[in-house]
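Coordinate analysis (summary)
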Amino acid sequence: MILYRKYNHLTDFNAYKKFAEMNWGKGCHQSKLSFISWLDSNPNHSINLAIKNNQVYGCFHGFKAPVLHKNEVRFFYSLHDLMVDKEKISQLGLKLMQDSILQDSPVILSGAVGRISRAYKRLGSFQFNSHWYRKFIFPKSPLRFFFRNQKIVNDIQNSMNFIFINNKDKESSSEIIKIINAYKYNDEKSMEFFKWRFFHQNSPLTFFVSDKEYRNVIIFSLGLKKFVPFLRIFSIKNTNQNSIKNMLKSVEKFASKLGIPVILYAVTEDIPPPDASGFKPYKEMPKSYVFSKKDKDFQELIINGFSTDIGFNNILFK
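Let me begin by describing the structure that accompanies this report. Here the structure is a predicted model, which means the values were calculated and not measured. (Residues numbered from 1 in each chain as written. Predicted model: local features only at pLDDT ≥ 70, side-chain atom pairs only at ≥ 80, totals over all residues. Heavy atoms only, no water.)

1. What about the packing of helix α1 (residues 9-24) against helix α2 (residues 33-40)?
- Interaxial distance between α1 and α2 falls to 12 Å at its minimum, and their mutual angle equals 140°. The pairing of α1 with α2 is recorded here as oblique in orientation. In the crossing of α1 with α2, the sense of the turn from one axis to the other is right-handed. Facing α1, whose interface residues are His9, Phe13 and Tyr16, α2 presents Leu33, Ile36, Ser37 and Asp40.
- Counted by class, the contact of α1 with α2 contains four nonpolar, two polar and one charged residues. (Axes fitted to C-alpha atoms, helices over the stretch in contact; angles between N-to-C directions. Helix = DSSP H or I, 4+ residues; strand = E, 2+ residues; numbered from the N terminus. Parallel < 35°, antiparallel > 145°, perpendicular 65-115°, else oblique. Left-handed = near helix turned anticlockwise from the far one by under 90°. Contact = heavy atoms within 4.5 Å. Nonpolar A, V, L, I, M, F, W, Y, C, P; charged D, E, K, R; others polar.)

2. As for the side chain of Glu269
- Its location among the elements puts Glu269 in the loop between β12 (262-267) and β13 (280-281).
- Aside from chain neighbours lying at most four places away, what touches Glu269 is Asn129, Ser130, His131, Tyr183, Phe234, Ser235, Ile236, Ile303, Asn304 and Gly305.

3. Focus on helix α7 (residues 188-199)
- Here α7 spans 15 Å end to end across 12 residues, near enough to the 16 Å set by a 1.5 Å rise per residue.
- Looking at the buried positions of α7, the neighbouring elements they touch are α2, β3 (55-69), β4 (72-84), α6 (173-181), β9 (207-210) and β11 (228-237). (Expected span 1.5 Å × (residues − 1).)

4. As for the packing of aromatic side chains
- By the definition in use, this model includes 30 aromatic pairs.
- On the basis of an interplanar angle of 70° and a centroid distance of 5.9 Å, the ring pair of Phe35 and Phe312 is categorised as edge-to-face. One end of the pair, Phe35, is in helix α2; the other, Phe312, is in the segment after β15 (301-302), and 277 residues separate them in sequence.
- Residue Phe312 is classed as buried on the basis of its relative accessible area of 2%.
- Taken together, a centroid distance of 6.0 Å and an interplanar angle of 70° make the contact between Phe164 and Phe220 edge-to-face. Linking Phe164 in strand β8 (residues 163-166) with Phe220 in strand β10 (residues 217-225), this pair joins segments that are 56 residues apart in sequence. We note that Phe164, like Phe220, is buried.
- Three or more aromatic residues link up through ring pairs in this structure, and these residues are Phe35, Trp38, Phe63, Tyr183, Tyr185, Phe193, Phe194, Trp196, Phe198, Phe208, Phe306 and Phe312.
- One residue, Arg134, lies across the ring of Tyr282, its end atom 4.3 Å from the ring centre.
- When the ring centre of Phe279 is taken as origin, the NZ or CZ atom of Lys135, which lies over that ring, is 5.7 Å away. (Phe/Tyr/Trp six-rings, centres within 6.5 Å; stacked < 30°, edge-to-face > 60°. Buried < 20%, exposed > 50% of the residue type's maximum accessible area, 1.4 Å probe, protein only. Lys NZ or Arg CZ within 6 Å of the ring centre and 35° of its normal.)

5. Section: the nonpolar core
- Counting 45 residues, the largest nonpolar core has Ile36 and Phe306 as the members making the most contacts within it.
- With five residues, β3 is the largest single contributor of residues to this core.
- Non-local contacts of Phe306, meaning those with residues more than four positions away in its chain, are made with Tyr183, Tyr185, Phe193, Phe194, Arg197, Phe198, Ile219, Phe234 and Ser235.
- Ile137, Ile152, Leu248 and Leu258 belong to the second largest nonpolar core, which has 31 residues in total. (Core = buried A, V, L, I, M, F, W, Y, C linked by side-chain atoms within 4.5 Å.)

6. Looking at the packing of α6 against α7
- Packing of α6 against α7 leaves a shortest axis separation of 12 Å and a crossing angle of 130°. Taken together, the axes of α6 and α7 lie oblique to each other. The handedness of the crossing between α6 and α7 is right-handed. For the pair α6 and α7, contact is made by Ser173, Ile176, Ile177, Ile180 and Asn181 and by Met191, Phe194, Phe198 and Phe199, respectively.

7. Some details on the sheet that holds strand β7 (residues 131-136)
- Overall, mixed pairing links the seven strands, which are arranged β8-β9-β10-β11-β12-β7-β13 in an open sheet. Edge strands, defined here as strands with exactly one partner in the open sheet, are β8 and β13.
- In terms of strand pairing, β8 meets β9 through four bridges, oriented antiparallel. Along β9, the bridge assignment pairs Ile163 with Ser210.
- Contacting β8 and β9, helix α5 (residues 150-158) crosses the sheet at an angle of about 165° to β8. (Pairing = 2+ DSSP bridges.)

The following block contains the structure:
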């Protein structure tokens, strides 16, 4: 008999790690102890398992995250990493999907494709605009990414225009707080979320690019898939199209100098990349939804990328 229960970090990690590597791939960030420890440190985060005889067959993760609805801060449940063992998908898929979205708070379902996307739509989810593009570049130093360290990255950052910093440099903390404040989440609960999201010792490496007035912002992460490094832009704050266009050029220059050939533009804000910026849409465009048992009015809703799992790639400095 398959049991559906909460993850226990003390007893379930080894079985969960085996499941994660079998389904997301060996070395995936979902399987790393530091990543799971970081998720588990958030009291508003949960991991749910489908388990039998101490073997994991399915899971989903979720955490409460701030969003702006009609200029008010609300907390939605951000669902991520819904996964079922390929051999058990017919038995577990529907059950886990139902359990994952039937929350008291509205649920963010970002970046869904294929059957999952169609299932969310049939359930009556509200679709909100998100944007998914990519761009290929020729890096100046093709192998430099694999020898990255704090000094190399800081030297490249310091050669850029605009404020260009990352959350693993403790001297940048005060500047990052100013950038976050520009998003207008000023309540104490949101500040606790940002403390976990960006300032916890195990939180994912995250980069922030901003103008001096903090009116235009780009937030991105770094990742690696099949030995191909990529840069993923996952949040945009845009008040001036020319500024964002120039900031994207700085991000591209940063990628080139660090040896990254692929830039992904995956934002849940309704802000497409500027015209003539060279980004091409995904062949299969992911879709993003909100599901709620009670709420039906989601007009004037802003879901920023940091309130989803986009950007959770667990790349670290050497």
